[in-house]
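Structural overview for review
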Amino acid sequence: MRHYANNKTIKTMKAPNSKLIDTTLPVMFHTGSKLRRLLDLPSTQHQRIQAVLLRDPGATVAVFRELERIRPGARKQVGDAAHAISLIGLDRFRQLLDSLPEIQSGLGDLAQNPGPAIAYSQAAHAAGFAAALAEQTGIRSGQEIATAALLQNPAILALWLIEPDSAQRATYAMRDGVTVDVAFGAELGEPLDDVNRRLGEAWAFPSLAQQALGDWDEFSPRPQIVKLADGLAQLAAAGWEHADNAIISALLAEFLSVEDDQARSWLHRCAVDGARHLHPLGYPLPGFELMFIPGEHDHEDDHAVPEFGAWRERLKARKAAKTAPELHKTMGEIMRRIRQEAGATRVMFAILSRDRRRLRTRLALGGSAEDALRKLDLEMTPRNLFSVLLGKSQSLWLRADNLSKYQPYLTENVRHVINTNGAYMMSVFVDDKPLGLMYADGDKLDDEGYKRFRLCCQQAAKALSGGQR
């Protein structure tokens, strides 16, 4: 039996699995039936076929692998399944469909026989969440974004096929509170992200899917939506009371520019919509689990996410009743939490001058008394990494493997202060105005630490809303 120590460490790991790349993913029985009915119609639009494929990652993966087989390199110009099928042709697509194995419906009972339908459900929910996020924010090419979200965990899909016992152990661990990365990394014998990237390349995933699987620019909204949707789907699959619930909800709230409780309501409505949409396939449906969450139905009158920015009007109405928090006390407590929870050694909060022309260190933890981080006094012009971050509410995990992307913004004054091998940074906005920037670095930074860092910064901004500079 494999041992899971906690969300960051693993006592034992298997050796990397070399069989994953050669795996042929099956399609769901309902998918095959629906697609054949569409293909039998006198005229079938590729978009209607794509709507079915976005519920079944096995079928979608097969389409892109076939496109690469007959037209090598075409994936670089193809973003979604409809475009891929138009290049493959409907006759060849029918042949491909007939060649694929099928999973009979009814094999997705989470309590009795989890099966690969769990992973398929997670992928289909990710596609649905991505489409909803793209629509909510007015970003076009939603189908390309949904397709990329559908394809974010090929390693989990493949593991269910070749080693179902291993996948089931990882799933149970995930449901017990272990993160998806740790649970499946233990069974795969290497980090889940590494296997996903390797399979995405080998299986000829479209560009956006591979970009989101790899090292993407965190200033770009499309891969950001893809990864956020994937995180939401992981949370839904792991259980709504999973330890990461607060972190994911905070990230969603930040993206939608709404309050945390509204973000959760939005997510729950999307999960219920997904349950209605996906139930014919026999998937486990997290939307049905919401009825077991205490207080879930206490806000049934809250039917829709308000227009972006509307939440700020309610905050303004409550300002008179608030007591302005003390800046040093609030930020000091948050910085101590960042050191404890995010694996950081040095933490610095820098504040903008009143005219917003300079950024100066206000508080610092860790490092020596002569540390350059403690003496930061940086002009906002010429344009640099800090000034770019302060352009809007956003964050960045700078590390060696993405350093080249940000070289144009790493002026000499910035490089002198930061650790280019690993650092978290996030702008802090209060009442829609930039207050300053939080920075943390250390030798033990990881994905979980980055989530904790972002959450701490968001909580600081919320605590200071309506407060004094």
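It should be emphasised that the depicted structure is a prediction, and the values quoted were computed from it without experimental measurement.

Conventions and cut-offs
Residues numbered from 1 in each chain as written. Predicted model: local features only at pLDDT ≥ 70, side-chain atom pairs only at ≥ 80, totals over all residues. Heavy atoms only, no water. Phe/Tyr/Trp six-rings, centres within 6.5 Å; stacked < 30°, edge-to-face > 60°. Helix = DSSP H or I, 4+ residues; strand = E, 2+ residues; numbered from the N terminus. Buried < 20%, exposed > 50% of the residue type's maximum accessible area, 1.4 Å probe, protein only. Contact = heavy atoms within 4.5 Å. Pairing = 2+ DSSP bridges. Axes fitted to C-alpha atoms, helices over the stretch in contact; angles between N-to-C directions. Parallel < 35°, antiparallel > 145°, perpendicular 65-115°, else oblique. Left-handed = near helix turned anticlockwise from the far one by under 90°. Nonpolar A, V, L, I, M, F, W, Y, C, P; charged D, E, K, R; others polar. Salt bridge = Lys/Arg side-chain N within 4 Å of Asp/Glu carboxyl O. pLDDT = per-residue confidence, 0-100. Expected span 1.5 Å × (residues − 1).

1. A short note on the packing of aromatic side chains
Scanning the model with the defined rule gives five aromatic pairs in all. Look at Trp-397 and Tyr-424: their rings are 5.7 Å apart centre to centre, the planes differ by 75°, and that puts the pair in the edge-to-face class. With Trp-397 in strand 6 (residues 395-399) and Tyr-424 in strand 7 (residues 422-430), the pair connects residues that are 27 residues apart, well separated along the chain. You can call Trp-397 buried: its relative accessible area is 10%. Here the aromatic rings of Tyr-424 and Phe-453 are separated by 5.3 Å at their centres, their planes lie at 40°, and the arrangement is tilted. Here the residue Tyr-424 occupies a position in strand 7, and Phe-453 occupies one in helix 21 (residues 447-464), the gap between them amounting to 29 residues. By the burial criterion, Tyr-424 is buried, and Phe-453 matches it.

2. Things to note about the environment of Gln-210
By the element assignment, Gln-210 lies in helix 12 (residues 207-213). Sequence separation between Gln-210 and Arg-197 is 13 residues; the distance between their C-alpha atoms is 7.0 Å. Once residues lying within four places of it in the same chain are set aside, the contact partners of Gln-210 are Arg-75, Gly-200, Glu-201, Ala-204 and Phe-205.

3. Points about the sheet that holds strand 4 (residues 358-365)
Spatial strand order, 5-4-3-8-7-6: six strands in an open sheet with antiparallel pairing. Edge positions in the sheet fall to strand 5 (377-379) and strand 6, since each has one partner strand and no second. Between one strand and the next, the sheet's axes are offset by a mean angle of 20°, whatever the strand orientation. The pairing of strand 4 with strand 5 spans three bridges and is antiparallel. When the sheet's bridge partners are listed, Arg-360 is paired in strand 5 with Asp-377. With respect to the sheet, helix 21 is in contact with strand 6, strand 7 and strand 8 (433-441), its orientation differing from that of strand 7 by roughly 20°.

4. Overview of unusual backbone geometry
Between Thr-381 and the following residue, Pro-382, the backbone shows a cis peptide bond with an omega angle of 0°. A positive phi angle, near 60°, is found at Arg-356, a position not held by glycine. In this fold, Arg-356 is placed in the loop between strand 3 (346-352) and strand 4. The exposure class of Arg-356 is partly exposed, given its relative accessible area of 40%. At Asp-432, a residue that is not glycine, the phi angle is positive and equals roughly 70°. Checked against the element boundaries, Asp-432 lands in the loop between strand 7 and strand 8. Since its relative accessible area comes to 46%, Asp-432 is described here as partly exposed.

5. Some remarks on the packing of helix 18 (residues 327-341) against helix 21
Direction vectors running N to C along helix 18 and helix 21 enclose 170°, while the axes themselves pass 9 Å from each other. Taken together, the axis directions place helix 18 and helix 21 in an arrangement best described as roughly antiparallel. Helix 21 is crossed by helix 18, and the crossing has right-handed handedness. Of helix 21, the residues touching helix 18 (which contributes Leu-327, Thr-330, Met-331, Ile-334, Arg-337, Ile-338 and Glu-341) are Arg-452, Phe-453, Cys-456, Gln-459, Ala-460, Ala-463 and Leu-464. Partitioned by chemical class, the residues of the contact of helix 18 with helix 21 number nine nonpolar, two polar and three charged.

6. A closer look at the pattern of salt bridges
Within the structure shown, the criterion is met by 22 salt bridges. Residue Arg-36 is joined to Glu-102 by a salt bridge in which the shortest nitrogen-to-oxygen separation is 2.9 Å. With a gap of 66 residues between them, Arg-36 in helix 1 (residues 29-39) and Glu-102 in strand 2 (residues 102-103) connect regions that are remote in the sequence. We classify Arg-36 as partly exposed; its relative accessible area is 26%. One salt bridge connects Glu-190 with Arg-198, and the closest N-O pair in it is separated by 2.7 Å. On the accessibility criterion, Glu-190 (12% relative accessible area) is buried. For Arg-198, a relative accessible area of 35% gives the class partly exposed. A single network of salt bridges, built from pairs that share partners, joins Arg-358, Arg-360, Asp-377 and Glu-379.

7. Describing the confidence of the model for the protein chain
Averaged over every residue, the pLDDT of the protein chain is 83; residues scoring 70 or more account for 85%. Ranking the helices and strands of the protein chain by mean pLDDT puts helix 3 (residues 57-70) first, with 96, and helix 17 (residues 310-318) last, with 42. In this model, residues 1-12 is a region of pLDDT below 50 whose contacts with residues beyond four sequence positions or in other chains number 31 contacts. For the stretch residues 106-112, pLDDT sits under 50, and the model shows 16 contacts to residues farther than four places along the chain or on other chains.

8. Brief notes about helix 15 (residues 260-278)
With 19 residues, helix 15 extends 27 Å from end C-alpha to end C-alpha; this agrees with the ideal 27 Å at 1.5 Å per step. Within helix 15, burial applies to Gln-262, Ala-263, Ser-265, Trp-266, Leu-267, His-268, Cys-270, Ala-271, Gly-274, Ala-275 and Leu-278.

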